[in-house]
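# Tertiary structure, described
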Amino acid sequence: MLSKSYTILNPTGFHIRPARLFADTANERFPATEVKVTKGAKAINGKSVLSMLTLGAKYQEAVTSQV
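Thresholds, definitions, all that
Residues numbered from 1 in each chain as written. Predicted model: local features only at pLDDT ≥ 70, side-chain atom pairs only at ≥ 80, totals over all residues. Heavy atoms only, no water. Helix = DSSP H or I, 4+ residues; strand = E, 2+ residues; numbered from the N terminus. Polar contact = N/O pair within 3.5 Å; in protein donor to acceptor, adjacent residues only side chain to side chain. Contact = heavy atoms within 4.5 Å. Core = buried A, V, L, I, M, F, W, Y, C linked by side-chain atoms within 4.5 Å. Buried < 20%, exposed > 50% of the residue type's maximum accessible area, 1.4 Å probe, protein only.

## A word on the side chain of Thr 64
With respect to the element layout, Thr 64 can be found in strand β4 (residues 62-66). A polar contact of 3.2 Å, which involves the side chain of Thr 64, links it to the side chain of Ser 5. Apart from the residues within four sequence positions on either side, Thr 64 is in contact with Ser 3, Lys 4, Ser 5, Lys 36, Val 37 and Thr 38.

## What about the environment of Tyr 6?
Within the secondary structure, Tyr 6 sits in strand β1 (residues 3-7). Between the C-alpha atoms of Tyr 6 and Tyr 59, which are 53 residues apart in sequence, the distance is 11 Å. Dropping the residues within four chain positions of it, Tyr 6 is found in contact with Glu 61, Ala 62, Val 63 and Ser 65.

## Describing the nonpolar core
Nonpolar side chains tend toward joint burial in soluble globular proteins. By size, the foremost hydrophobic cluster in this structure holds 9 residues: Ile 8, Phe 14, Ala 19, Val 37, Ile 44, Met 52, Leu 55, Ala 57 and Val 63. Ignoring anything within four residues of it in the chain, the contact list for Ile 8 reads Gly 13, Phe 14, Ala 57, Lys 58, Tyr 59, Gln 60, Glu 61 and Val 63.

Written out as structure tokens, the structure reads:
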């Protein structure tokens, strides 16, 4: 399992454009694999733009992606 941590550097947080880019990239690179993104105790589907937005990642918060 691959895992990588990221810090949100955008002052407006993780909004629609970066969420869409992340989900599109996850779908292209890992079509048959589950991609999870976690923030604290909350884990969501990294291939879904709507799920990415519900994560509510704000400026300078850490998130982790797992493939």
